[in-house]
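Topology and contacts: notes
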Amino acid sequence: MRARSIGVMCAVLFALALSGCQGSSRDDPEPPPATPTRSPSGYGAFFLAVDECSSRGRTSFAEVPCRSESAVARVIARHDGDAAGGPVCPARTDFVLHISENRPAASGSDGPSPTAGAVARGYACMRNLETPHPGDPGAGGGPRTIVGDCVYAAGEGQVRETACDGSGEQAPQYRVTSAVPARAQCPASTALYVALGGARPVGCAEKV
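The paragraphs below set out a description of the structure included in this document. (Residues numbered from 1 in each chain as written. Predicted model: local features only at pLDDT ≥ 70, side-chain atom pairs only at ≥ 80, totals over all residues. Heavy atoms only, no water.)

1. A few points about the overall build of the protein
- A tally of helices and strands in the protein yields zero helices and eleven strands.
- Walking the protein from its N terminus toward its C terminus, one meets helices and strands in the order β-β-β-β-β-β-β-β-β-β-β.
- Expressed as a percentage of its 208 residues, the buried residues of the protein come to 39%.
- Here the contacts in the protein between residues at least 6 apart in sequence split such that 56% fall between residues at least 24 apart.
- Total accessible area computed for the protein in this model is approximately 11000 Å², and 51% of it derives from carbon and sulfur atoms. (Helix = DSSP H or I, 4+ residues; strand = E, 2+ residues; numbered from the N terminus. Buried < 20%, exposed > 50% of the residue type's maximum accessible area, 1.4 Å probe, protein only. Contact = heavy atoms within 4.5 Å. Areas by Shrake-Rupley, 256 points an atom, 1.4 Å probe, with all protein chains shown as cover.)

2. Brief notes about the packing of aromatic side chains
- Scanning the entire structure with this criterion turns up one aromatic pair.
- Here the aromatic rings of Phe61 and Phe95 are separated by 6.3 Å at their centres, their planes lie at 40 degrees, and the arrangement is tilted. Taken together, the residues span a long stretch of sequence, with Phe61 in strand β3 (residues 61–64) and Phe95 in strand β5 (residues 95–99) at a distance of 34 residues.
- Owing to a relative accessible area of 7%, Phe95 belongs among the buried residues under this scheme. (Phe/Tyr/Trp six-rings, centres within 6.5 Å; stacked < 30°, edge-to-face > 60°.)

3. Structural notes on the environment of Pro181
- Assignment of secondary structure puts Pro181 in the loop between β9 (174–180) and β10 (192–195).
- Between the C-alpha atoms of Pro181 and Arg200, which are 19 residues apart in sequence, the distance is 4.4 Å.
- Those residues within four positions of Pro181 in sequence are excluded, and the remaining contacts are Arg200, Pro201 and Val202.

4. With respect to the sheet that holds β10
- Sheet architecture is open: five strands sit in the order β8-β7-β9-β11-β10, paired in antiparallel fashion. Each edge of the open sheet carries a strand with a single partner, namely β8 (158–162) and β10. Between one strand and the next, the sheet's axes are offset by a mean angle of 45 degrees, whatever the strand orientation.
- Of the strand pairs in this sheet, strand β7 (residues 150–155) and β9 are connected by two bridges, and their pairing is antiparallel. Bridging from a neighbouring strand, Val151 pairs with Tyr174 of β9. (Pairing = 2+ DSSP bridges. Axes fitted to C-alpha atoms, helices over the stretch in contact; angles between N-to-C directions.)

5. Considering the pattern of salt bridges
- Counting across every chain of the model gives four salt bridges.
- A salt bridge links Asp82 to Arg121, with the shortest nitrogen-to-oxygen separation between them at 3.1 Å. Note that Asp82 is positioned in the loop between β4 (73–80) and β5 and Arg121 in the loop between β5 and β6 (122–128), a separation of 39 residues in sequence.
- Asp136 is the partner of Arg127 in a salt bridge, and the nearest nitrogen-oxygen pair spans 2.7 Å.
- By relative accessible area, which is 19% here, Asp136 ends up buried.
- Via salt bridges that share partners, Arg92, Asp94, Arg127 and Asp136 belong to a single interconnected network. (Salt bridge = Lys/Arg side-chain N within 4 Å of Asp/Glu carboxyl O.)

Written as structure tokens, this is what we have:
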């Protein structure tokens, strides 16, 4: 089995901006970059593949056995490339890890090849092994807005997600009740259209 490489890989948490009827933005500061540590061989042939787990430190992430005491989240989807132009993560994703490309150079005739331990640039959609689950409907977090989530008006035609139970810093004003391919398919009770992405990109939201 090929040994894993020490990464000069960069893993960062990524929260997608929530979009309202005219788009949206976030003013929240992004978390500091985090660098994953060495991934020991035996956890899989692919770094952070689907169903593999990671630990989470203040500034670093490492692939660990899912039964390890340090395991905190499981990969529920893994894609190459940038999240901005790639497939969206599953609805109940709690957070997204971005992984930078790492291609170690050859170390000699008897050493690893240039592709040994290589890790392609991509992103992993993560689900916490234990609560809380900010990606659950109505929980007020996660990288996506999904059916069951609540939002509030953030000015200039923009909305942001907040907890439906009122436990967030902002009270909920609208709840996304359905997702459809086009606005015309939203029910008459729709008070706001929210951009969701995916196969049904339009969220039909009603006042709460």
